[in-house]
Amino acid sequence: MLTFKEIDRNNFFDVIKLGVAEEQKKFVANNMYSLAQAKALPECVCLSIYHDDVLVGFTMYCIDHEDNEYWIYRLMIDTKYQSKGYGKAAMVKLVDRIKEDKEHQVIYISFEPENTWAKHLYEKLGFEADGRVLDGEIVYKLAY
Ligand SMILES: CC(C)(COP(=O)(O)OP(=O)(O)OC[C@H]1O[C@@H](n2cnc3c(N)ncnc32)[C@H](O)[C@@H]1OP(=O)(O)O)[C@@H](O)C(=O)NCCC(=O)NCCS
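Just so it is clear, the model here is predicted, and its values are computed rather than measured. (Residues numbered from 1 in each chain as written. Predicted model: local features only at pLDDT ≥ 70, side-chain atom pairs only at ≥ 80, totals over all residues.)

### Comments concerning the sheet that holds strand 1 (residues 2-5)
In spatial order, the strands read 1-2-3-4-5-7-6; together these seven strands make up an open sheet with mixed pairing. Strands at the two margins of the open sheet, each flanked by one partner only, are strand 1 and strand 6 (128-134). Sheet twist, expressed as the average angle between the axes of neighbouring strands with direction ignored, equals 30 degrees. As judged from the three bridges shared by strand 4 (residues 70-77) and strand 5 (residues 106-111), these two strands associate in the parallel manner. (Pairing = 2+ DSSP bridges. Helix = DSSP H or I, 4+ residues; strand = E, 2+ residues; numbered from the N terminus. Axes fitted to C-alpha atoms, helices over the stretch in contact; angles between N-to-C directions.)

### Some words on the pairing of strand 2 (residues 45-51)
Strand direction decides the pairing type here: strand 1 and strand 2, joined by four bridges, are antiparallel. Paired with Lys5 across the bridge in strand 2 is Ser48. The sheet contact formed by strand 2 and strand 3 (residues 54-63) spans seven bridges and is antiparallel. Bridge pairing links Leu47 to Thr59 in strand 3. As consecutive antiparallel partners, strand 2 and strand 3 are separated by two residues, and within that stretch Asp52 has a phi angle of approximately 50 degrees, a positive value.

### Comments concerning the nonpolar core
Grouped together as the largest cluster of nonpolar side chains are 30 residues, with contacts concentrated most on Tyr61, Trp71, Ile72, Tyr73, Met76, Ile107 and Ile109. No other element matches strand 4, which puts seven residues into this core. The residues touching Tyr61, leaving out its near neighbours within four places in the chain, are Val45, Tyr70, Trp71, Ile72, Tyr73, Leu94 and Ile98. (Core = buried A, V, L, I, M, F, W, Y, C linked by C-beta atoms within 7 Å. Buried ≥ 20, exposed ≤ 12 C-beta atoms within 10 Å, placed from the backbone. Contact = placed C-beta atoms within 7 Å.)

### Digging into the site of the ligand
Near the ligand, the surroundings consist of 21 residues, among which Phe27, Gln82, Ser83, Gly87 and Lys88 are the closest. Among the secondary structure elements, those contributing two or more residues to the shell around the ligand are strand 4, helix 3 (86-99) and helix 4 (116-124). In terms of residue count, the dominant contributor to the shell around the ligand is helix 4 (five residues). (Near = placed C-beta within 6 Å.)

### Quick notes on unusual backbone geometry
Here the phi dihedral of Asn68 falls at roughly 60 degrees; this positive angle occurs in a residue that is not glycine. As for its placement among the helices and strands, Asn68 is situated in the loop between strand 3 and strand 4. Even without being a glycine, Asp135 presents a positive backbone phi close to 50 degrees. Within the secondary structure layout, Asp135 lies in the loop between strand 6 and strand 7 (137-143).

From the geometry alone we can't say anything about function, so treat these as descriptive.
The following block contains the structure:
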């Protein structure tokens, strides 16, 4: 079963060891960077992704400081655990969690144009282009 856990003294060192393939590094910041960002930007919520007792990935989302909307800022599954359905399952779970907040109606996510894997995954979950390109990344949205 897939679960989210807080990042604390029990798993911090394991979370920062998670990584993606060399050619994927341009698609996602490393987890150390994201955790540092979340320290400075306390609206960012960091979660580690477990399959049963195995740590497989990391995600970070927030209510953006500028537009006051939900953004999924990061999603990564460690190279060793990719292509096993965990990325998709984690996205479904995260979207469900965000949807519980009835004061908001939309979730945004962005990705590099060459990241066809992420594009496919987000489209599968109902995200669609919002028309914007921010810092070279294509913005997708899911209205709920
Ligand atoms: C993108 C990412 C999160 C997907 O997670 P994952 O667990 O590997 O993917 P899943 O196994 O859940 O598969 C999701 C979809 O991608 C497809 N997929 C699986 N392996 C793939 C591969 N090697 N290449 C392309 N698509 C692939 C799956 O078939 C599935 O689509 P389907 O539902 O139509 O079958 C993961 O590969 C990753 O961490 N990539 C590097 C970081 C990154 O790009 N993050 C997103 C930043 S916006």
